[in-house]
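This is what each chain is made of:
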Amino acid sequence: MNSPAKKQPVGLSQGRRLLELARATLEHRLGILAEVDRHGLDDESLQQPCGTFVTLKINDGLRGCIGNLEADGSIVDSVEHNALHAAFHDHRFQPLTAEELERVDIDISILSTPERLKYLDYADLKARLRPLVDGVILRHGGKRATFLPQVWSQLPEADSFLEHLCLKAGLPAAVLQREHLDIFTYQVQSFKENKR
């Protein structure tokens, strides 16, 4: 994971436009909308390559979350792609229905470039992590998992956060206490729909 040029922040109005795009993309796929309005999406800040995550929630419960940690096309393309995959290809859920979409709240996270976190041992790792600020990627061999910074609100203790991250990667919960694994951190710009 390299550290290329600094990304341009996405403004509030562009963030709102991305939320509209994500919803329109899902409405189009479900046959509710004839076509997706792409007006206002040619802004330079939205054309930069960036990793994004799209999270769908119903009544604050997860209903789908898919993303890419590294840039794979523009922010606009990434949001469209990840919205569709969160709704219809998250293996934890059945494909989203039109009835459910009316109750869905969409959250878009735009990621900074992940950077390797240097740490001495498990205690040092916990001390270096910033709850609600840092998203964390754990990588070991062919296994990898991430938690967005928002996950800290559900798992505020570093021990619990890291144990769940290890389990998500298919590793023993306490592996970080015994082994030195590759850890990367990133930050996000988050845009959420207003509660319905």
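See the structure shown above.
Please read all numbers here as calculations on a predicted model, not as lab measurements.

Asker: What am I meant to see in the sheet that holds strand 2 (residues 61-67) here?
Answerer: By definition, the strands of a sheet pair up through backbone hydrogen bonds, in either a parallel or an antiparallel sense. An order of 2-1-3-8 is seen for the four strands of this open sheet, with the pairing classed as antiparallel. In this open sheet, the two edge strands, each paired with only one partner strand, are strand 2 and strand 8 (188-192). Between one strand and the next, the sheet's axes are offset by a mean angle of 20°, whatever the strand orientation. Pairing of strand 3 (residues 104-111) with strand 8, which is carried by five bridges, proceeds in the antiparallel orientation. Bridging from a neighbouring strand, Leu111 pairs with Val188 of strand 8. Those strands touched by helix 1 (residues 12-29) are strand 1 (52-58), strand 3 and strand 8, and its axis lies near 125° from that of strand 3. Contacting strand 1, strand 2 and strand 3, helix 3 (residues 75-88) crosses the sheet at an angle of about 40° to strand 1.

Asker: Hey, could you run me through helix 1 in this one?
Answerer: Think of an α-helix as turning once every 3.6 residues; residues three or four places apart then point the same way. Between its first and last C-alpha atoms helix 1 spans 26 Å; for 18 residues at 1.5 Å apiece the expected length is 26 Å, and the two agree. Taken residue by residue, helix 1 has Gln14, Gly15, Arg17, Leu18, Leu19, Leu21, Ala22, Arg23, Ala24, Thr25 and Leu26 as its buried positions. Buried positions along helix 1 lie against helix 2 (44-47), strand 1, helix 3, helix 4 (98-101), strand 3 and strand 8.

About the cut-offs
- Residues numbered from 1 in each chain as written.
- Predicted model: local features only at pLDDT ≥ 70, side-chain atom pairs only at ≥ 80, totals over all residues.
- Heavy atoms only, no water.
- Pairing = 2+ DSSP bridges.
- Helix = DSSP H or I, 4+ residues; strand = E, 2+ residues; numbered from the N terminus.
- Axes fitted to C-alpha atoms, helices over the stretch in contact; angles between N-to-C directions.
- Contact = heavy atoms within 4.5 Å.
- Expected span 1.5 Å × (residues − 1).
- Buried < 20%, exposed > 50% of the residue type's maximum accessible area, 1.4 Å probe, protein only.

Any link to function would need more than the numbers given here.
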